[in-house]
Amino acid sequence: MKRTVGLICLLLIGLSSCVTTPKKLLYLQNMSDTTQVLLEQKYEARIAPSDRLSITVSNCSGYSEEDRKLAEVFNMHTNNNAGFYGNRGGQNGYGGYLVDVYGDIYFPVFGKIHVEGLTRLQLQDTICKMLVDKGYLSKPLVVVEFSNFKINFLGADGGKVIYIDGDRCTLFEALALAGDLGLYTRRDKVCVFREVNGKMTRHTLDPRNSKILNDPYFQLQQNDIIMTESVRGQYYRQEITYWLSWASVLTSVASLVTIFSILK
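Since this is a predicted model, take the numbers as computed values, not measurements.

Trainee: Help me understand unusual backbone geometry in this model?
Mentor: If a residue is not glycine, its phi is most likely negative; likewise, a peptide bond is most likely trans. Positive phi is not limited to glycine here, since Val109 has a value of about 70 degrees. Relative to the elements of secondary structure, Val109 occurs in the loop between strand E3 (104-107) and strand E4 (111-114). For Val109, a relative accessible area of 44% translates into the label partly exposed. Its identity is not glycine, yet Asn223 carries a phi of approximately 70 degrees, on the positive side. Tracing the sequence through the fold places Asn223 in the loop between strand E9 (199-205) and strand E10 (225-227).

Trainee: Please explain the packing of aromatic side chains as it appears in this structure.
Mentor: Each aromatic ring pair is summarised here by two numbers: the centre-to-centre distance and the angle between the ring planes. In this structure the tally under the stated criterion is nine aromatic pairs. Measuring from ring centre to ring centre gives 6.0 Å for Phe146 and Phe149, while their planes differ by 90 degrees; the resulting arrangement is edge-to-face. Classification of Phe146 by relative accessible area gives buried; the value is 9%. An angle of 75 degrees between the planes, with centres 5.4 Å apart, marks the rings of Phe172 and Phe218 as edge-to-face. With a gap of 46 residues between them, Phe172 in helix H4 (residues 171-177) and Phe218 in the loop between E9 and E10 connect regions that are remote in the sequence. On the accessibility criterion, Phe172 (22% relative accessible area) is partly exposed. Chaining the aromatic ring pairs together yields one cluster made of Phe74, Tyr97, Phe107, Phe110 and Tyr136. Positioned over the ring face of Tyr217 is Arg194, at 4.2 Å from the centre of the ring.

Trainee: Is there a simple way to explain the sheet that holds strand E6 (residues 150-155) in this structure?
Mentor: Two pairing modes exist for strands in a sheet, parallel and antiparallel, and in both the strands are linked by backbone hydrogen bonds. Judged by pairing direction, the sheet is mixed, and its five strands sit side by side in the order E7-E6-E10-E8-E9 without closing on themselves. Two strands bound the open sheet, and with one partner strand each, they are strand E7 (158-163) and E9. Across the sheet, the mean angle separating the axes of adjacent strands is 20 degrees when strand polarity is ignored.

What counts, and at which threshold
Residues numbered from 1 in each chain as written. Predicted model: local features only at pLDDT ≥ 70, side-chain atom pairs only at ≥ 80, totals over all residues. Heavy atoms only, no water. Helix = DSSP H or I, 4+ residues; strand = E, 2+ residues; numbered from the N terminus. Buried < 20%, exposed > 50% of the residue type's maximum accessible area, 1.4 Å probe, protein only. Phe/Tyr/Trp six-rings, centres within 6.5 Å; stacked < 30°, edge-to-face > 60°. Lys NZ or Arg CZ within 6 Å of the ring centre and 35° of its normal. Pairing = 2+ DSSP bridges. Axes fitted to C-alpha atoms, helices over the stretch in contact; angles between N-to-C directions.

Pasting the structure below:
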């Protein structure tokens, strides 16, 4: 009887600690050393409401004090009055021009500029052209960057907000920044939630297959949500482990009582 109970306990421990097969864990399984996947998309992040943009204007026509002052007025985010132009500090200390719900920012001198749907390079060209056409600067240099590009990760083992340094982030990059997927997380069902035209969409990705490289959701966008779930049976495995730990404690107590009784 004791031997049977022991075997059952060993079997339960084995089930509770077993690891899924490597085939369920490896990414891009159908790629070998000689495999080449043609990347069909050239992705550039586009500006959307609630984005925060860092915009810096320089005057390349000269280096005199007058040339510097001509560009300075378009860099109001360096002044204490930056809030007048919607340039308040963002999360994690980021500042910048906040894109409102209508897709506009308020830029010094020019006022309201519609920026929704533009890439940062297109906005750079737009502001440069405005500066030249209005006669403010003859050789302007404009640099636009995202100040709050972030991805929300809700994994089976926990969640975090991932801040991206730049304007491009793939699913693999986001998973790496999140610390990768847990051992008991499903690799075949990684869900990306994205707001498209005012509606929340859900798309499921399988990072084990190289087809993911040309999936439109592989290139993440601002405020995307990555959500994962545990493999089937993980909750039962946790329950078994929990009760086995209590059984181990009770066994130890019973052993101590037995030894104490024998000694007594």
